[in-house]
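Given next are the chains, with one letter for each unit.
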Amino acid sequence: MEKGLIPFWEAAYQDENVTAFSSEPNATIKEFEYLLSRQSHIIDIGCGEGQNAFYFAKQGYCNVDAFDISENGIAKLQQRCKKENIRLNAFTADLITYRFEKNYDMVMSFGTLHFVSKTDWKAMINRAKAYTNIGGIHIMQIFTDTVPASEDIAPFAIGLAKDEEIKELYNDWEILQFKSYTFEDEHPGVPKHLHASNKIVARKILI
């Protein structure tokens with residue numbers, strides 16, 4: 001992410017009456033939630049306001065971690081957890097330098113990886129794979145260069161993937177789902193625009 005520029009979502013993170021992206025969890029985590037138990041260890045990388053991690057914690061999952069580089073995003077998530085008496089370990093960290101301290105049963109990241117270089121997001125995925133339990137799953141969503149980055153994210157989207165590029169990193173795992181798609185999006189103060197995206201759900205298998 002370019003230094004000196006402030007992305008639009010930082011303003012939304014500081015306003016409790018505005019949601020930068022969505023207050024609802026991503027549908028894919030609900031689709032594959034059946035693979036988890038309430039004791040599963042879950043981490044959300046680049047969680048933003050944390051709607052996905054918050055969903056799991058509210059459902060009674062007791063080992064949920066979530067981090068983001070944005071202090072405002074984490075503060076907003078922590079405040080929401082405090083307000084609703086939800087237990088969740090939310091903290092500030094940079095995915096480029098983050099090092100795992102334990103194994104996980106689910107690692108997820110939505111709409112974040114393309115904000116660092118390809119070298120960095122690939123390194124993060126490989127670190128996450130190493131710290132995933134056998135049978136554990138990854139749900140990763142990344143923007144691709146199939147369509148140009150929209151004006152709101154163009155200065156920050158330095159690591160757009162090639163279509164299916166992320167899939168190559170999971171050729172030693174069981175791929176449960178892979179989607180390549182384009183969708184229309186809009187945010188507070190930002191007009192409608194298009195994003196191209198890949199989303200992969202993969203499970204670590206014993207080789």
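Notes on the structure follow.

### So, the overall build of the protein chain
Turning to step 1, where the next piece is worked out: Across its full length, the protein chain carries 5 helices and 7 strands.
Turning to step 2, where the next piece is worked out: In sequence order, the protein chain lays out its α and β elements as α-α-β-α-β-α-β-β-α-β-β-β.
Turning to step 3, where the next piece is worked out: Here the protein chain holds 207 residues, and 50% of them are scored as buried.
Turning to step 4, where the next piece is worked out: Looking at the protein chain alone, contacts between residues at least 24 apart form 70% of all its contacts between residues at least 6 apart.

### A few points about the packing of helix α3 (residues 51-58) against helix α4 (residues 71-84)
Turning to step 1, where the next piece is worked out: Contact geometry of α3 with α4 gives a least axis separation of 11 Å together with a crossing angle of 25 degrees. Judged by the angle between their axes, α3 and α4 are roughly parallel. Note that α3 runs across α4; the crossing there is right-handed. Mapping the contact onto sequence places Q51, F54 and K58 in α3 and L77, R80, C81 and E84 in α4.
Turning to step 2, where the next piece is worked out: For the contact of α3 with α4, a count of residues per class yields 3 nonpolar, 1 polar and 3 charged.

### What about the environment of L194?
Turning to step 1, where the next piece is worked out: In this fold, L194 is placed in strand β7 (residues 190-203).
Turning to step 2, where the next piece is worked out: The spatial distance from the C-alpha of L194 to the C-alpha of V147 is 7.6 Å, given a sequence separation of 47 residues.
Turning to step 3, where the next piece is worked out: If sequence neighbours within four positions are ignored, L194 has contacts with V147, S150, T182, F183 and E184.

### Here we look at the nonpolar core
Turning to step 1, where the next piece is worked out: Ranked by internal contacts, the top residues of the largest apolar core, which has 25 residues, are F56 and L88.
Turning to step 2, where the next piece is worked out: The set of elements that each furnish at least two residues to this core consists of α3, β2 (63-68), α4, β4 (104-110) and β5 (132-143).
Turning to step 3, where the next piece is worked out: Top element by residues in this core is α3. It accounts for 5 residues.
Turning to step 4, where the next piece is worked out: When near neighbours in sequence (up to four residues on either side) are disregarded, F56 contacts I29, E33, L36, I42, Y61, V64, M106 and M108.

### Digging into helix α5 (residues 118-130)
An α-helical turn contains 3.6 residues, so any two residues separated by three or four positions project in the same direction.
Turning to step 1, where the next piece is worked out: Here α5 contains 13 residues, and its C-alpha end-to-end distance of 18 Å stays within 8% of the 18 Å for a straight helix at 1.5 Å per residue.
Turning to step 2, where the next piece is worked out: Turning to α5, its buried residues number three or more, namely W121, M124, I125, R127, A128 and K129.
Turning to step 3, where the next piece is worked out: Where α5 is buried, its residues touch β1 (41-45), β2, β4 and β5.

### Quick word on the packing of aromatic side chains
Turning to step 1, where the next piece is worked out: By the definition in use, this model includes 10 aromatic pairs.
Turning to step 2, where the next piece is worked out: Where F56 meets Y61, the ring centres are 5.1 Å apart and the plane angle is 85 degrees; that geometry is what we call edge-to-face.
Turning to step 3, where the next piece is worked out: In this structure an aromatic cluster arises from ring pairing among F67, F91, Y98, F100, Y104 and Y131.
Turning to step 4, where the next piece is worked out: One cation-aromatic arrangement involves R80 over F54; the distance from NZ or CZ to the ring centre is 3.8 Å.
Turning to step 5, where the next piece is worked out: Over the ring of F178 we find K167; its NZ or CZ atom is 4.9 Å from the centre of that ring.

### Side note on the pattern of salt bridges
Turning to step 1, where the next piece is worked out: The tally for this structure, following the rule as stated, stands at 9 salt bridges.
Turning to step 2, where the next piece is worked out: Among the salt bridges present, the one from K129 reaches D172, with a minimum N-O distance of 2.9 Å. Here the residue K129 occupies a position in helix α5, and D172 occupies one in the loop between β5 and β6 (174-187), the gap between them amounting to 43 residues.
Turning to step 3, where the next piece is worked out: Linked through salt bridges whose partners overlap, the residues forming this network are K58, R80 and E84.

### Notes on the pairing of β4
Turning to step 1, where the next piece is worked out: Most of β4 sits inside the fold, with 7 of its 7 residues counted as buried.
Turning to step 2, where the next piece is worked out: Across 3 bridges, the pairing between β1 and β4 is parallel. Bridge pairing in β4 links I42 to M106.
Turning to step 3, where the next piece is worked out: The β-α-β motif built from β4, the intervening α5 and the parallel element β5 has right-handed crossover chirality.

### Considerations on the side chain of K129
Turning to step 1, where the next piece is worked out: You can call K129 buried: its relative accessible area is 10%.
Turning to step 2, where the next piece is worked out: When residues no more than four places from it in sequence are discounted, the contact partners of K129 are H138, L169, Y170, D172, W173 and K204.

Cut-offs applied
- Residues numbered from 1 in each chain as written.
- Predicted model: local features only at pLDDT ≥ 70, side-chain atom pairs only at ≥ 80, totals over all residues.
- Heavy atoms only, no water.
- Helix = DSSP H or I, 4+ residues; strand = E, 2+ residues; numbered from the N terminus.
- Buried < 20%, exposed > 50% of the residue type's maximum accessible area, 1.4 Å probe, protein only.
- Contact = heavy atoms within 4.5 Å.
- Axes fitted to C-alpha atoms, helices over the stretch in contact; angles between N-to-C directions.
- Parallel < 35°, antiparallel > 145°, perpendicular 65-115°, else oblique.
- Left-handed = near helix turned anticlockwise from the far one by under 90°.
- Nonpolar A, V, L, I, M, F, W, Y, C, P; charged D, E, K, R; others polar.
- Core = buried A, V, L, I, M, F, W, Y, C linked by side-chain atoms within 4.5 Å.
- Expected span 1.5 Å × (residues − 1).
- Phe/Tyr/Trp six-rings, centres within 6.5 Å; stacked < 30°, edge-to-face > 60°.
- Lys NZ or Arg CZ within 6 Å of the ring centre and 35° of its normal.
- Salt bridge = Lys/Arg side-chain N within 4 Å of Asp/Glu carboxyl O.
- Pairing = 2+ DSSP bridges.
- Right-handed = clockwise from strand over helix to strand, strands pointing away.

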